[in-house]
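Topology and contacts: notes
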Amino acid sequence: MDVTLKGKAAPFSPPRGFFPRFDWRARRVWERDLVAWLKIYKTSLLLNFGEPFMNLVALGFGLGTYVASLENVSFAAYIAPGLLASTAMLGVSYDMAFSGFAKLHRDGVYDSILTGPVEVESIVGGEILWEISRSILYGSTFLTVIFLLGLIQSPLALLVSPLMVLPGIIFAAPALVVATLARVEDQLFYYFTLAITPMFMFSGIFFPVENLPPLARNLIWFTPLYHVVRLSRGLVLGRITPDLWTSLCWLLVVAVLQLPVLVYFMKRKLLS
Amino acid sequence: MQPSVSSDNIVVVKRMFLLERGNRFLETNAVIEARQLQKTYGQALAVKGIDFSVQRGECFGFLGPNGAGKTSTMKMIYGRTSISGGELYVLGFDAKRQMSQIKGRVGVVPQENNLDPELTVLENLILYGRYFGMIRQEAGERARARLDFLGLEDKAGALPHELSGGMKRRLIIARALLNDPEILILDEPTTGLDPRARHVVWQKLAELREAGSTLILTTHYMEEAARLCDRLVVMDHGQILARGEPTGLVEEVAGPYVLEINSSLLNGDHLVPDGLVRRRETVGGRTFLFNHDNGTLLDRFEGLKLRAGQYLARPTNLEDVFLILTGRSLEE
């Protein structure tokens, strides 16, 4: 027994457990998100889907008519799989950062869940499962649209839907970490301005980053969206090269490494 | 459906035997036992080593002002915050290691109304029930029964922000009762409610108490504590200052009567008759003369020609206990 803490600053030490749990309790957290989302799904889909779709139409078919083909496909066909990846990133990031902030700081949703027999690990598991669902939904919807526009060149494109599991994890985790750190909602925009927007611009969605200076190229290689774009494009255009396996492995490593970090920050916020 | 608690001793004892190894066996009927319980936040000591035990079927109160350490104590009991020192057993489970087991067996009314704003009243309850592993139908039935019990059956489809303060509070109580808890923990159940809404909540808590539920509540309203609690502790600055039954505590600490009188009227001690006053406290320009006979004492002040408002002769209450123990008033 320790009664020795008197006056000593006790640094936060999380209770045992540092990996999200994907148990039945996590599925209940997922269910809560689903019920809430079903009330607003039209707005939600329109907002998360509208922007990349307009980018595709304006850039792909508008600007695209002035751009010579890239890597032997039309500009629209080149950017479509990249925009698909960005839809997943944006949808997941915005939802997780803003709804996570509200649940943590304003509405006490996680607080109320924690008064039931649910631990932080299961809450994190449930939120991750939910963002994976969103990511698959957005990715698949966008895939359908570019199929209808005739921009798909390979049946391998069907694998894009399961691929969306990875951006679901990879973009949900940092967004929720940022939400635990923010004190006011506006601070979330730092994350979008400093991380999400640069990734959107410089991950090979609109132009091949291979032509950039080596420093920029190497930096970009470490960002996750770049690899999601490469995989998405490879599958949609049917161009499977060995280095896509490297991208896949890199994304898996990033996804797995982020999860304990997220659990740590959630515990720090919710249990200290 | 009666959201009550079994008070059958045999069941209790049997259950205690069935608990996992490593649990302490409780020989008594205590559902909560705390020894030298401590909570620190960084440098600050919120709870400074308190001892208490709560018996099955009683209503146990923590009375004290804001910052007394009541909420920290509650949060340790329902496994929402870690224990910094000492020991705490809830329903025979070690609160340091077995939070999950405890959380499934207690109901919690937290200080803030943390209702899910995106879900309707009924959905708030059903989805909460789902966290306890209830199937959808069972959660729905229980949710409707709790809404009936708390008089919210007409509000099933409303969103939380459409409810009044009192209704929100009742909904939180409904939610806390959803899992048929063995202990219901209420952190300031009526703070911020108007008198009418407060009485409705008191009525419901009294019904639960009658039905044999174990209730633990914190409050800074002495009326609430006096009305609902079988036993209580008075807390301030993280420590327990006194404990007992409300009436016994008042009798013991404050005596039967008090005469409040504006301090400015008492020019010097010579005006206060010695033999009659057992204790004297002064707070905010008001002097409290604790005594056995307000009538006789008032007669001695005849010369002051007291007007209404300058004095108040009344029986003592828990507020006076707090005043005597801390030298300040409870509600500030």
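Calculation criteria
- Residues numbered from 1 in each chain as written.
- Chains lettered and ligands numbered in written order.
- Predicted model: local features only at pLDDT ≥ 70, side-chain atom pairs only at ≥ 80, totals over all residues.
- Heavy atoms only, no water.
- 1 Å grid on protein atoms, 1.4 Å probe; cavity = no way out; pocket = protein on both sides within 12 Å on 5 of 7 lines; lining within 4 Å.
- Points joined across faces, edges and corners; volume = space filled by probe spheres on them.
- Helix = DSSP H or I, 4+ residues; strand = E, 2+ residues; numbered from the N terminus.
- Nonpolar A, V, L, I, M, F, W, Y, C, P; charged D, E, K, R; others polar.
- Contact = heavy atoms within 4.5 Å.
- Buried area = accessible area lost by both parts, 1.4 Å probe.
- Salt bridge = Lys/Arg side-chain N within 4 Å of Asp/Glu carboxyl O.
- Polar contact = N/O pair within 3.5 Å; in protein donor to acceptor, adjacent residues only side chain to side chain.
- Domains from an automatic or database assignment.
- Phe/Tyr/Trp six-rings, centres within 6.5 Å; stacked < 30°, edge-to-face > 60°.
- Lys NZ or Arg CZ within 6 Å of the ring centre and 35° of its normal.
- Pairing = 2+ DSSP bridges.
- Axes fitted to C-alpha atoms, helices over the stretch in contact; angles between N-to-C directions.
- Buried < 20%, exposed > 50% of the residue type's maximum accessible area, 1.4 Å probe, protein only.
- Expected span 1.5 Å × (residues − 1).
- Bend = angle between axes of the 7 residues up to and from the residue.
- Core = buried A, V, L, I, M, F, W, Y, C linked by side-chain atoms within 4.5 Å.

1. Notes on the layout of surface pockets
The gaps of empty space that remain are located by a probe, the size of a water molecule, rolled over the atoms. Residue and element names in this part refer to chain A. Of the pockets and cavities examined, the second largest pocket occupies roughly 590 Å³. Broken down by secondary-structure element, the contributors of at least two residues to the lining of the second largest pocket are helix H1 (24-38), helix H2 (41-62), helix H3 (75-106), helix H5 (120-148) and helix H8 (188-201). Residue contributions to the lining of the second largest pocket peak at 7 residues, all from H3. Looking at side-chain class alone, the lining of the second largest pocket contains 12 nonpolar, 6 polar and 7 charged residues.

2. Brief notes about the interface of chain A and chain B
Contacts between the two partners involve 33 residues from chain A and, on the opposite side, 36 residues from chain B. Summed over both sides, the interface of chain A with chain B buries roughly 3,100 Å², with 50% coming from carbon and sulfur. Joining chain A to chain B, the criterion identifies 7 salt bridges. When the shortest N-O distance is used, the salt bridge between Glu31(A) and Arg136(B) registers 3.3 Å. At the surface where chain A touches chain B, the tally comes to 13 residue pairs in polar contact (both at pLDDT 80 or more). Elements represented by at least two residues in the side of chain A that touches chain B include exactly H1, helix H4 (109-115) and helix H11 (243-271) of chain A. Among the elements that take part in the side of chain A that touches chain B, H1(A) stands out by supplying 8 residues, more than any other. Classifying every residue of the side of chain A that touches chain B by side-chain character gives 16 nonpolar, 5 polar and 12 charged.

3. A few points about the domain arrangement of chain B
Here the domain parsing of chain B yields domain 1 (115-180) and domain 2 (256-315). For domain 1 of chain B versus domain 2 of chain B, the separation of C-alpha centres amounts to 51 Å.

4. A few points about the packing of aromatic side chains
Using the criterion set out here, one finds 20 aromatic pairs over all chains in the structure. Plain terms: the ring middles of Phe98(A) and Phe192(A) are 5.9 Å apart, the flat faces sit at 25° to each other, and that makes the pair stacked. A residue pair is termed long-range when its members are at least 10 positions apart, and Phe98(A) in helix H3 and Phe192(A) in helix H8 qualify at 94 residues. For Lys204(B), the ring lying beneath its charged end belongs to Phe149(B), and the centroid distance is 5.1 Å.

5. Description of the sheet that holds strand E11 (residues 257-262) of chain B
Residue and element names in this part refer to chain B. What the 4 strands build is an open sheet, ordered E12-E13-E11-E14; its pairing is antiparallel. Two strands in the sheet have a free side with no partner beyond their single neighbour: strand E12 (277-283) and strand E14 (311-315). Ignoring which end each strand starts from, the neighbouring axes of this sheet average 20° apart. Bridge count for E12 against strand E13 (residues 286-291) is 6 bridges, and the pairing is antiparallel. Across the sheet, the residue bridging to Thr 282 is Thr 287, located in E13. Strands in contact with helix H9 (residues 246-254) are E11, E12 and E13; relative to E12, the strand with the most contacts, it is inclined by about 95°. Contacts between helix H11 (residues 318-326) and the sheet are confined to E11, E12, E13 and E14, with E13 contributing the most and set at about 105° to the helix.

6. Observations concerning the pairing of strand E7 (residues 183-187) of chain B
All names here are of chain B. Along E7, 5 of the 5 residues are buried, which leaves the element largely enclosed by surrounding structure. Side chains of E7 alternate between two faces, with Ile 183, Ile 185 and Asp 187 and Leu 184 and Leu 186 buried alike. In the sheet, strand E6 (residues 106-109) pairs with E7 via 4 bridges, with the strands oriented parallel. Looking across to E7, one finds that Val 109 is bridged to Leu 186. Relative to strand E8 (residues 214-219), E7 is paired through 5 bridges, and the arrangement is parallel. Residue pairing for E8: Asp 187 is matched across the bridge by Thr 218.

7. Side note on H8(A)
Residues and elements named next belong to chain A. When the terminal C-alpha atoms of H8 are compared, their 19 Å separation across 14 residues agrees well with the 20 Å that a helix rising 1.5 Å per residue should span. Its axis deflected by about 25° at Ala 195, H8 carries its strongest bend there, up to four residues before the proline Pro 198. Listing the buried residues of H8 in full gives Leu 188, Tyr 191, Phe 192, Ile 196, Met 199 and Phe 200. Where H8 is buried, its residues contact H2, H3, helix H7 (165-181) and helix H10 (224-237).

8. Brief notes about the nonpolar core
Tyr110(A), Ile146(A), Leu225(A) and Met266(A) are the most contacted members of the largest nonpolar core, which has 136 residues in total. Here this core gets 17 residues from one element, more than from any other, and that element is H3(A). Each of two domains, domain 1 (115-180) and domain 2 (256-315) of chain B, supplies a minimum of three residues to this core. Not counting residues up to four positions away in its chain, the partners in contact with Tyr110(A) are Met96(A), Gly100(A), Lys103(A), Leu104(A), Ile123(A), Glu127(A), Leu176(A), Met266(A) and Leu270(A). Core analysis: the next-biggest nonpolar cluster, separate from the first, contains 31 residues, Leu37(B), Met74(B), Met76(B) and Ala95(B) among them.

9. A short note on empty space enclosed by the protein
Enumeration according to the criterion identifies 2 cavities of 30 Å³ or more in this entry. There is about 90 Å³ of room inside the largest cavity. Considering the residues around the largest cavity, the lining is formed by Arg32(A), Val109(A), Ser112(A), Ile113(A), Asp116(B), Leu119(B), Asn124(B), Leu127(B), Tyr128(B), Tyr131(B) and Arg175(B). Among the elements of the structure, H4 of chain A together with helix H4 (121-131) of chain B are those that each provide at least two residues to the lining of the largest cavity. Per element, the largest residue contribution to the lining of the largest cavity is 4 residues, and it comes from H4(B). Grouping the constituent residues of the lining of the largest cavity by class yields 6 nonpolar, 2 polar and 3 charged.

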